[in-house]
Amino acid sequence: MHLTSSFRLLPAVALGLLLTGCYSRDDIKGQAGTETPAEVPPTEVPGAVAPKETAAPAVAADAGAAGPLQAINVFLEVSGSMEGFMPKTGGSGSNTRFQQHVAQFLSEVNRSSAARKTFFRIKEKPYRDSYQQLSQTVRGGIQQPASSTDIPTVLDTLVSGYYAPNTVNVLISDFIYSPKNAGAIPYISTDITDALNRAQRPDLAVSVYGYASDFRGAYYPALKTAVRKINSCCDTDIPYYFWVIGPADAVRRFDAALLEKQPAQQVHFGVKYPVPASSLLSRFQNVGSWYYGEKDASKRAAGASYHTVAVSSVSAKGPVEFVVGLDLKTLPGLYRDVKYLKPNLQLQAQDTDAKIIDVFAANDQTKNSSGAENQYTHFVKVRVTKLGKAARPLQLVLKNQRPAWISQWTTKNDSNINQAGAKTFALSSLLDGVEAVTATDQEKAPVFTIPLTLQPAD
Amino acid sequence: MKGFFRFLYELIGTPQPPSETPVYREVIFPNVGLLTIGLSLAMVLIFYYLINKAMGVATFNKVRHWVIFLIINALLAFIIGIWQTSSQEVASHSYVYWMSTWNAILGLFWFFLFSVLLKRGSTNASTTPF
C-alpha cells in the first residue's frame, strides 16, 4: 500500500514541528523574570496569595522611615458633661452604649500589639491611670468630675506634650466646646486651629470617629443663653467622638487596626493613604473594541495590572466601556463606601467624553470569579464614545470631600438638646479648625489618583 | 516578523473578542505562523526528499499523492490554530475557528510555494505537481 509508507513518516513530521521556532508564554515569562526581580522574598511561601500582596511594598515605600505603631495614649474626658455617658451603676444593671463601646475599645487597645499603652483621665490636665482604673471609671461612673475642660487647651496639650513618631493620641469626649461668651462663637474654628498649630507638627493628622449613645444625667449645653444645665437628660442620643491625633502614618495604622471594625461616622484630616492597587479588566463587563495597550499585555502574568486602554474603534453608536478594578481595603471605611465614592470619584481627561457610568462594590460573584476581578473590592465602569488622535492621560481621582454626616450632626443651638436630636454644638466649626491645620495647599489633596492612558489602537 | 504575521492573519479582520488582541498579535500569530511554515516545509521535504529521493519509493510521486500531502498539511495547520489558541487560554469565540481555517488556507499556500521551490531537487517527483 502506498499510504502505509507515508504514515511511517509521521514521526518525522512531528520532529519537524518540534524543531520550528515557537513563541510560548513560558518563554516570555522567563524573559520577564530577568527584567523584574522577584518582589517576594524567598522565605515567603509562593502561591496564590503572592499577587495580592503587591500592594504591600507600595505601603512600605509610602511610609518611608516610619515603623510600626509604638505607643497608644488614650485620653478620656471626665468633666461633668461626660457623666451622663457613664452613669453610676444603677439597680437595673443596664449600661449605656457609650460604656459598652468605650470599655470594649479600652480593652482592645490594652490587647493591641503596640509596645506602650498609656491611659489618661483628662481633667484640667491629663492624669495618668492604669487600664483597670480607667476601665473602672467607664463602667462605674466618674468619681470626681472636673468642672469643665476646654477643648483647645486639651488639644494643645496633646499635640505639644504627647506627640511622638509612631504614636497616636486618642481623645474620647463629647466635644461640646462652649466658648467663654457668645461673642467667641464665630472664632471656634480659629481657636482649634491655633491650639493644634502651636506645636507646629508638619505631619499632623486627625481622624474623627463619631458615635452616639444613650445619655442619663445632666446635660450641659454649650450655649448657655437659655439654661445652664438640663437635669435628667436626655430623651435623645448624644454624640461622642474619638479623635485620633498623631503623625499621619501612625494615625492611618491605628485607624486600620482598631477603629475600622465597627460601624461609625468618620472623617480624616491630613492622613495620607498609599495608592490602592488597581487594574483595567479586559474580561469583565467590557464593551466595544478595546484592549490593554501595554507592550507586555500578552504575557498576562498573574497579578499583573494594566492601565492603558487601546481603542480600535469607537463611535456614538458603538461606545467602548471598560471597568477599572480597585482594591480599597487599605482605605478607611469612609472611602470604601459606595455612597461616598459615587459622587466623589471623578475622571480627568482631555479630548474625550470618557465618563464614569457606574461605581459598585465587589459581590459574591466577582469574589468567586476565576478572572482578575476577584482581586478587587470596587469597580468603576467608564464609557467612551470619542477620543483624541493620540495617547492622552486619563486620571481617576477620589476627591477628599467632607462627608455629609458632619453637617447633619451639627447644631447651632444645643440649649434644647432633646428637640435638636443627636447633634453637637458647632461640630463643623471644630472640624473647620482641624482642616485648616492639616490642609497644606489651598486645594484639598485627593485621597488617591490613579493614572490611566486612553489611546487609539495602533 | 511579528508585524508580518500580524498583517498576514489580520487579512481576515482584527482578532475577536477585541480584548484578546494583544495575545493574538504578540503570541498566537507568530506561533501559528512559524509552526505552519515549519510544518509545510517539513511536509515538502518529506514528500520530495525523503520518500522520493532518499527512500527511493517509486510509486508515490503522482499528483494525487502530492494532493494527499497537501490535504494532510491543511488539516494539521487547522489543528495548530486550535491548539495554539487553546493553550493561550483566549476567550472562546468563533474567531478561533475562522483564524484556524485561514491558517489551513495559508498552509495550502506555503505547501504549494515550497513544492514549487524545492521539487527540482527530488529524484522521482521533480515534475509533481506539474
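Before reading further, recall that the structure is shown in the block above.
Cut-offs used in this document
- Residues numbered from 1 in each chain as written.
- Chains lettered and ligands numbered in written order.
- Predicted model: local features only at pLDDT ≥ 70, side-chain atom pairs only at ≥ 80, totals over all residues.
- Helix = DSSP H or I, 4+ residues; strand = E, 2+ residues; numbered from the N terminus.
- Buried ≥ 20, exposed ≤ 12 C-beta atoms within 10 Å, placed from the backbone.
- Pairing = 2+ DSSP bridges.
- Axes fitted to C-alpha atoms, helices over the stretch in contact; angles between N-to-C directions.
- Core = buried A, V, L, I, M, F, W, Y, C linked by C-beta atoms within 7 Å.
- Domains from an automatic or database assignment.
- Contact = placed C-beta atoms within 7 Å.

### Structural notes on unusual backbone geometry
Stage number 1. The peptide bond linking Q16 of chain B to P17 of chain B adopts the cis configuration, its omega dihedral lying at -15°.
Stage number 2. One can find P17 of chain B in the loop between α1 (2-9) and α2 (21-54).
Stage number 3. With phi around 60°, N166 of chain A is a residue other than glycine that occupies positive phi space.
Stage number 4. In this fold, N166 of chain A is placed in the loop between α7 (151-161) and β4 (167-173).
Stage number 5. With 19 C-beta atoms packed within 10 Å, N166 of chain A lands in the partly exposed category.
Stage number 6. Phi is positive for A426 of chain A, which is not a glycine, with a value near 55°.

### Points about the environment of Q144 of chain A
Stage number 1. Within the secondary structure, Q144 of chain A is located in the loop between α6 (131-140) and α7.
Stage number 2. Residues Q144 of chain A and T157 of chain A, spaced 13 residues apart in sequence, show a C-alpha to C-alpha distance of 21 Å.

### Describing the sheet that holds strand β12 (residues 308-313) of chain A
For sheets, the rule is that strands pair by backbone hydrogen bonds, running either parallel or antiparallel.
Residues and elements named next belong to chain A.
Stage number 1. Here we have five strands laid out as an open sheet, ordered β11-β12-β20-β17-β14, and mixed in their pairing. The sheet terminates laterally at β11 (289-292) and β14 (345-349), the two strands that pair on one side only. Averaged over all pairs of adjacent strands, the angle between strand axes in this sheet comes to 25°, irrespective of strand direction.
Stage number 2. The pairing of β11 with β12 spans four bridges and is classified as antiparallel. Counted as the bridge partner of Y292 is V309 from β12.

### Things to note about the nonpolar core
Stage number 1. The biggest cluster of nonpolar side chains holds 111 residues, and the ones touching the most others in it are V74, F75, V168, V170, Y177, V244 and L430 of chain A.
Stage number 2. Two domains share this core, each providing at least three of its residues, namely domain 1 (71-274 + 402-438) and domain 2 (277-400 + 446-456) of chain A.
Stage number 3. Apart from residues no more than four positions distant in its own chain, V168 of chain A is found in contact with L69, I72, V244, I245, G246, A250, V251 and F254 of chain A.
Stage number 4. Formed by 36 residues, the second largest nonpolar core is a distinct cluster that contains F69, A74, A77 and I80 of chain B.

### Regarding the environment of N418 of chain A
Residue and element names in this part refer to chain A.
Stage number 1. In this structure, N418 sits in helix α14 (residues 417-420).
Stage number 2. Overall, N418 belongs to the exposed group, with 11 C-beta atoms counted inside 10 Å.
Stage number 3. Here the alpha-carbon distance between N418 and I238, two residues 180 residues apart in the chain, equals 9.3 Å.
Stage number 4. Beyond its immediate stretch of four places on either side in the chain, N418 contacts C234, D235 and T236.

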